[in-house]
Amino acid sequence: MVAKTSGVRILFTGQYWPGANSLYISRAFEQCGAIVRWVNDTRLWPEWTGTIGRVARRLLLPVVEAEWNRQVIDAFNSFKPDLVYITNADYCRPETLAVIRQQHVPIMCFYHDPPWKNRPGSRFEENITLFDLIATTRQWHEAEFKEAGAKEVAVVRFGYDPLAHFPVEADKKSLEFYGTDITFVGTNETRRTQELTTLVSGQFPYSFRLWGGLWDRLPPTSPILPYWQGRPIFEQEIPIIYACSKIALHWLNHDPDSPDPAIQKGDQHKSRTFQIPACGNAIMLAQRSAQHEQFFKEDVEAVFFSDIPELREKLAYWLAPSRDEARRHMADAARARCLKEDYTYVPVVRQFLKHFDLPGT
């Protein structure tokens, strides 16, 4: 099969690393026939860690910001895109957008995070009136963005990438390394940390592997640390991790008790909402939300919980040996739903192209 191109040229800025949603979205543009030219936010930073590295990164911010804007202008002038797509706009200066607007080329921004007002290190709020379209996955963002002067706001969903999220068959060696009853892939955040602490502190007769960053910030006495695998995962590991797990836990970035009003409203779904089912092996046991219940049928395609007592109940029910076959049926049904509804990023990208009257294949 020969791929077709639409001829549409898109200058795309974002994080280019395995696991970044911006990478998956750019691939979806290419699947729709677009020619994508990247300005890679990630490559501008040295991969320094530790206290000295964090201090150095703060000191380097003005240099990195200036370089990012220079690269965007240079790429714009040479590539002559039909659309400029900016992820989050952390480094974007208004004068850079002004140069682009003088050439009558549309500019959109997909803002990925819940907090956006007075956010250190982000220029999104400063530029909100300058984008022709702002995309978000949060319905409550729409009214706030428009009140702040946004021209157009599109509320879309996250998605999965079929090149990264697909079923695999676990071999013996992988099962020895990754095998577990329960897995959770995510960073250390307040609510999930509190709830995980409660979960594993009580009766917890299951094997559990925790993957992700920032868990080393917990005190040495934390009951969570024995389950932490000591590192984040690489996205190439996702299919095999879920293939070696019976249940994949999923928390949203949503905490009604947070001091941050944006986190109080939080998310109704995340990219893992689709990535777990797309891998087709582990069943997803996710924090209950209206959108989760919309995307997947409860107790048929996914399982949901509202609090720790309910989570304990669901774990005991679905990890019973008598329900091994039922779990396999649920995982298969969830993947089938992903395919039927096309929960990839392609429909999302087609919505963007249509908004700007740009063709897509």
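In what follows, the accompanying structure is described. Quick caveat, the model's predicted, so the values are computed rather than measured.

Re the pairing of strand β8 (residues 208-211)
Burial along β8 is two-sided: Phe208 and Leu210 and Arg209 and Trp211, pointing in opposite directions, are all buried. Relative to β8, strand β7 (residues 180-185) runs parallel, the two being bridged by four bridges. Looking at β8, one finds that phenylalanine 184 is bridged to leucine 210. Taken together, β7, helix α7 (residues 190-201) and β8 constitute a β-α-β crossover, and its handedness is right-handed.

Re the sheet that holds strand β6 (residues 153-155)
Pairing in this open sheet of six strands is parallel, and the strands run β2-β1-β3-β4-β5-β6 from one edge to the other. The sheet terminates laterally at β2 (35-40) and β6, the two strands that pair on one side only. Across the sheet, the mean angle separating the axes of adjacent strands is 20° when strand polarity is ignored. Pairing of strand β1 (residues 9-14) with strand β3 (residues 83-87), which is carried by four bridges, proceeds in the parallel orientation. Bridge pairing links phenylalanine 12 to tyrosine 85 in β3. Contacts from helix α5 (residues 139-147) reach β5 (133-136) and β6 within the one sheet, and its direction differs from that of β6 by about 175°.

What to know about the nonpolar core
Counting residues in hydrophobic clusters, the biggest one holds 55 residues, and the most contacted among them are Ile10, Phe29, Tyr85, Tyr242, Phe296 and Phe352. In this structure, tyrosine 85 is in contact with Ile10, Leu11, Phe12, Thr13, Ile25, Phe29, Met108, Phe110, His112 and Phe352, ignoring residues within four places of it in sequence. With 29 residues, the next largest nonpolar core counts Ala75, Ile100, Cys109 and Ala150 among its residues.

Notes on the pattern of salt bridges
This model, assessed by the stated rule, comprises 25 salt bridges. Between arginine 93 and glutamate 65 there is a salt bridge, with the nearest N and O atoms lying 3.1 Å from each other. Here arginine 93 is found in the loop between β3 and α3 (94-102), whereas its partner glutamate 65 is found in helix α2 (residues 50-79), with 28 residues between them in sequence. Accessibility expressed as a relative area gives 11% for glutamate 65, which makes it buried. Between glutamate 341 and arginine 337 there is a salt bridge, with its nearest N and O atoms 3.4 Å apart. Separated by four residues within a single helix, glutamate 341 and arginine 337 lie in helix α13 (residues 324-341), roughly one turn from each other. A residue is classified by how much of its surface remains accessible, and arginine 337, at 18% relative accessible area, is buried. When salt bridges with common partners are traced through the structure, they connect Arg288, Glu293, Glu298, Glu310 and Lys314 into a single cluster.

Cut-off values and rules
- Residues numbered from 1 in each chain as written.
- Predicted model: local features only at pLDDT ≥ 70, side-chain atom pairs only at ≥ 80, totals over all residues.
- Heavy atoms only, no water.
- Buried < 20%, exposed > 50% of the residue type's maximum accessible area, 1.4 Å probe, protein only.
- Helix = DSSP H or I, 4+ residues; strand = E, 2+ residues; numbered from the N terminus.
- Pairing = 2+ DSSP bridges.
- Right-handed = clockwise from strand over helix to strand, strands pointing away.
- Axes fitted to C-alpha atoms, helices over the stretch in contact; angles between N-to-C directions.
- Contact = heavy atoms within 4.5 Å.
- Core = buried A, V, L, I, M, F, W, Y, C linked by side-chain atoms within 4.5 Å.
- Salt bridge = Lys/Arg side-chain N within 4 Å of Asp/Glu carboxyl O.

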